[in-house]
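# Architecture at a glance
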Amino acid sequence: MYVAVKGGERAIANAHAWLEEARRGDPALPRIAPEQIAGQLTLAVDRVMAEGSCCDRELAAIAIAQARGDLIEAAFLLRAYRTTLPRFGYSRPLETAAMRLIRRVSATYKDLPGGQILGPTFDYTHRLLDLAAAAGDPPPAPRAPADPAAAPRVTELLAREGLMAREEASDAEPPDLTRQPLPIPAPRPARLQNLARGDEGFLLALGYSTQRGYGNSHPFVGELRIGWASVEVETPEFPFPVDIGEIPLAECQMVNQFHGSAGAPPQFTRGYGLSFGHGERRAMAMALVDRALRADEYGEERAAPAQQEEFVLLHSDNVEATGFVEHLKLPHYVDFQSELENLRAIRALKEAAE
Amino acid sequence: MTDQTAENAARKAWLAVLARASAEEIEARLAEAPPLPPHSLLRGPEIGLVMVRGRAGGDGAPFNLGEMTVARCSVVLEGGAVGHALRAGRDRRAAELSAVLDAALQDPRLRPALEAAVIAPLAEAQAARRAAEAERAAATRVEFLSMVQIR
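Keep in mind that what you see is a predicted model, and the values were worked out from it rather than measured.

With that out of the way, let us pick up the overall build of chain A. Within chain A, the regular secondary structure consists of 12 helices and 6 strands. Each of the three principal axes of chain A carries a C-alpha extent, and together these read 80 × 65 × 55 Å. Counting all 354 residues of chain A, 43% fall into the buried class. Pairs at least 24 residues apart make up 63% of the contacts formed inside chain A by residues separated by at least 6 positions. Of the roughly 20,300 Å² of accessible surface on chain A, 58% is carried by carbon and sulfur atoms.

This is the structure:
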């Protein structure tokens, strides 16, 4: 039997009206403009952009304002918005080696070509809550003559010595998870796309677990690069790949020990993280999980949660996860009624038997 | 052949500069330039998405990183020259202006004045912004001191 239940329209309309008012906050205070969110809460914006899988700081800022600062809700809004837009094409693979860097550190080499550039980092701050921060603008940051020297990849330095597994040179067409379901077992390009838009908290916890012994890794940050990369697109209108502008990126090369196997000599292996925006924690966590998921490639036993491809990839997406968890609060009156009747019947049988 | 290569390089460069300029910035430069020929729209201006690709490990197999918003436009000038624009973001007005400029810049009679009044100043402003960021970054470059103790 199907019982249609109607009602609640007025309650819903009033709830949404209150949501509007609650979102606005105290009308005596100025409304926060999306430009302010994009300019001052940049890392929140970047997280939404990465998890919403849509690189546009303005849109992510609007989504954050609309979501009252709930970043998962904001990512959801961004994902929903992107479905309304046509896809014009694919970019050429980003040349991250040529990134315009605002930060670049390596934990493996002190002196490396291109140097260590700290950039606008939280590292080495004392994490003391600054109760006076709202008073006045800071002085302009110091400047020094820029060094135009190239900053080659650390992984390349090791690869030249044969101590680092090289990436397979390939131009194979990658699967696109916005157009096709996730294949399991998943080829690495599908895994990377999944992780790139995965929930930062989930990636962080899994990455952390590999450091604590669940996955047998001893990682070093070979290199962390934060900056801007030009995007090029090949399209029939232009007789060359056209440069459409720059996007903010965070990239992490994680270097891991590998003891060698029958097929491969002992060497370092790598995990890779790449993210829209300047969120470096997310790129680092992604790189740890990417390496853990390469267990089969290196003949490692898949024993830890971070190595369980199906588990990791099917639970990384916070838009999917929040949809399924949060639907539980919507009316389940009929389902629950049947459970209730079942339970009563079982109890009655048991009481009759006693 | 070399002419075509140089022509493409010049066009690629002005498109990159226009892609990094807002509609307001382009309009401000156009106010100082000779008027653009009238145009009609062939397509757009319209917004959409481009799927951005990376490579595993930075240099391995391609993968789809995620999408970015883009605006595109195609125009034809009076006289038949066609121009296109494809640029990051959702600025339709900037896409249309870029497409008109792309068409006009391909006309050797119009190019010198537009290069001087629009493209060169925009490129200069963009280079200055990049330099300002590079100089701040350079100020955070670490100079290591080795502390060696010899007894």
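Take the packing of aromatic side chains next. Within this structure, the stated rule accounts for 2 aromatic pairs over all chains. We note B:Arg72 situated over the ring of A:Phe88; from NZ or CZ to the ring centre the distance is 3.5 Å.

With that settled, consider helix H2 (residues 23-30) of chain B. Taken residue by residue, H2(B) has B:Ala23, B:Ile26 and B:Leu30 as its buried positions. Buried residues of H2(B) fall within an arc of 70° about the axis and therefore sit on the same side.

This part is about the packing of helix H3 (residues 42-51) of chain A against helix H4 (residues 57-66) of chain A. All names here are of chain A. It is at 9 Å that the axes of H3 and H4 come closest, and there the two elements cross at 100°. On the basis of their axis angle, the class for H3 and H4 is roughly perpendicular. Here H3 contributes Thr42, Ala44, Val45, Asp46, Val48 and Met49 to the contact with H4, which in turn contributes Arg57, Ala60, Ala61 and Ile64. In the contact of H3 with H4, the residues fall into 7 nonpolar, 1 polar and 2 charged.

So, on to the domain arrangement of chain A. Residues and elements named next belong to chain A. Parsing chain A into structural domains produces domain 1 (9-82) and domain 2 (96-121 + 149-167 + 175-317). At the junction of the two partners, domain 1 supplies 13 residues and domain 2 supplies 17 residues. Overall, the association of domain 1 and domain 2 removes approximately 1,100 Å² of surface from exposure, summing both partners, and the carbon and sulfur fraction of that is 55%. Area buried by domain 1 at its contact with domain 2 is led by Ala50, Cys55 and Arg79, which between them contribute 37% of it. Taken together, the links from domain 1 to domain 2 amount to 3 salt bridges. With a shortest N-O distance of 3.0 Å, Asp317 and Arg79 are connected by a salt bridge. Seen at the junction of domain 1 and domain 2, the total is 5 residue pairs in polar contact (both at pLDDT 80 or more). When residues of the side of domain 1 that touches domain 2 are assigned to their parent elements, the largest contribution, 6 residues, is made by H3. For the side of domain 1 that touches domain 2, the class distribution of residues is 6 nonpolar, 1 polar and 6 charged.

What follows is about the confidence of the model for chain A. Of the residues in chain A, 98% reach a pLDDT of 70 or more, and the chain-wide mean stands at 91. Here helix H6 (residues 154-160) of chain A is the element of chain A with the lowest mean pLDDT, 84, and H3(A) is the one with the highest, 98.

Across the contact, 55 residues belong to chain B and 79 residues belong to chain A. Summing the contributions of chain B and of chain A, the shared interface buries around 5,900 Å²; its carbon and sulfur component is 58%. Contact with chain A buries surface across chain B, with B:Arg53, B:Leu65 and B:Glu67 losing the most and accounting together for 12% of the total. For the pair chain B and chain A, the interface holds 35 residue pairs in polar contact (both at pLDDT 80 or more). Every element with two or more residues in the side of chain B that touches chain A is listed here: helix H1 (2-19), strand S1 (39-55), strand S2 (62-77), strand S3 (82-88) and helix H4 (111-139) of chain B. With 11 residues, the single largest contributor to the side of chain B that touches chain A is S1(B). Considered class by class, the residues forming the side of chain B that touches chain A number 25 nonpolar, 12 polar and 18 charged. Inspection of the sheet shows strand S1 (residues 54-55) of chain A paired to S2(B) by 2 bridges, in the parallel sense. By the bridge assignment, A:Cys54 is partnered in S2(B) with B:Glu67.

So, about the side chain of A:Asp290. Among the structural elements, A:Asp290 can be located in helix H9 (residues 280-292). There is a polar contact of 2.8 Å between the side chain of A:Asp290 and the backbone nitrogen of A:Tyr272.

Turning to its location among the elements, A:Arg160 is positioned in helix H6. A:Arg160 sits 126 residues away from A:Pro34 along the chain, and the two C-alpha atoms are 46 Å apart.

Criteria and thresholds
Residues numbered from 1 in each chain as written. Chains lettered and ligands numbered in written order. Predicted model: local features only at pLDDT ≥ 70, side-chain atom pairs only at ≥ 80, totals over all residues. Heavy atoms only, no water. Helix = DSSP H or I, 4+ residues; strand = E, 2+ residues; numbered from the N terminus. Buried < 20%, exposed > 50% of the residue type's maximum accessible area, 1.4 Å probe, protein only. Contact = heavy atoms within 4.5 Å. Areas by Shrake-Rupley, 256 points an atom, 1.4 Å probe, with all protein chains shown as cover. Phe/Tyr/Trp six-rings, centres within 6.5 Å; stacked < 30°, edge-to-face > 60°. Lys NZ or Arg CZ within 6 Å of the ring centre and 35° of its normal. Arc of directions from axis to C-beta. Axes fitted to C-alpha atoms, helices over the stretch in contact; angles between N-to-C directions. Parallel < 35°, antiparallel > 145°, perpendicular 65-115°, else oblique. Nonpolar A, V, L, I, M, F, W, Y, C, P; charged D, E, K, R; others polar. Domains from an automatic or database assignment. Buried area = accessible area lost by both parts, 1.4 Å probe. Salt bridge = Lys/Arg side-chain N within 4 Å of Asp/Glu carboxyl O. Polar contact = N/O pair within 3.5 Å; in protein donor to acceptor, adjacent residues only side chain to side chain. pLDDT = per-residue confidence, 0-100. Pairing = 2+ DSSP bridges.

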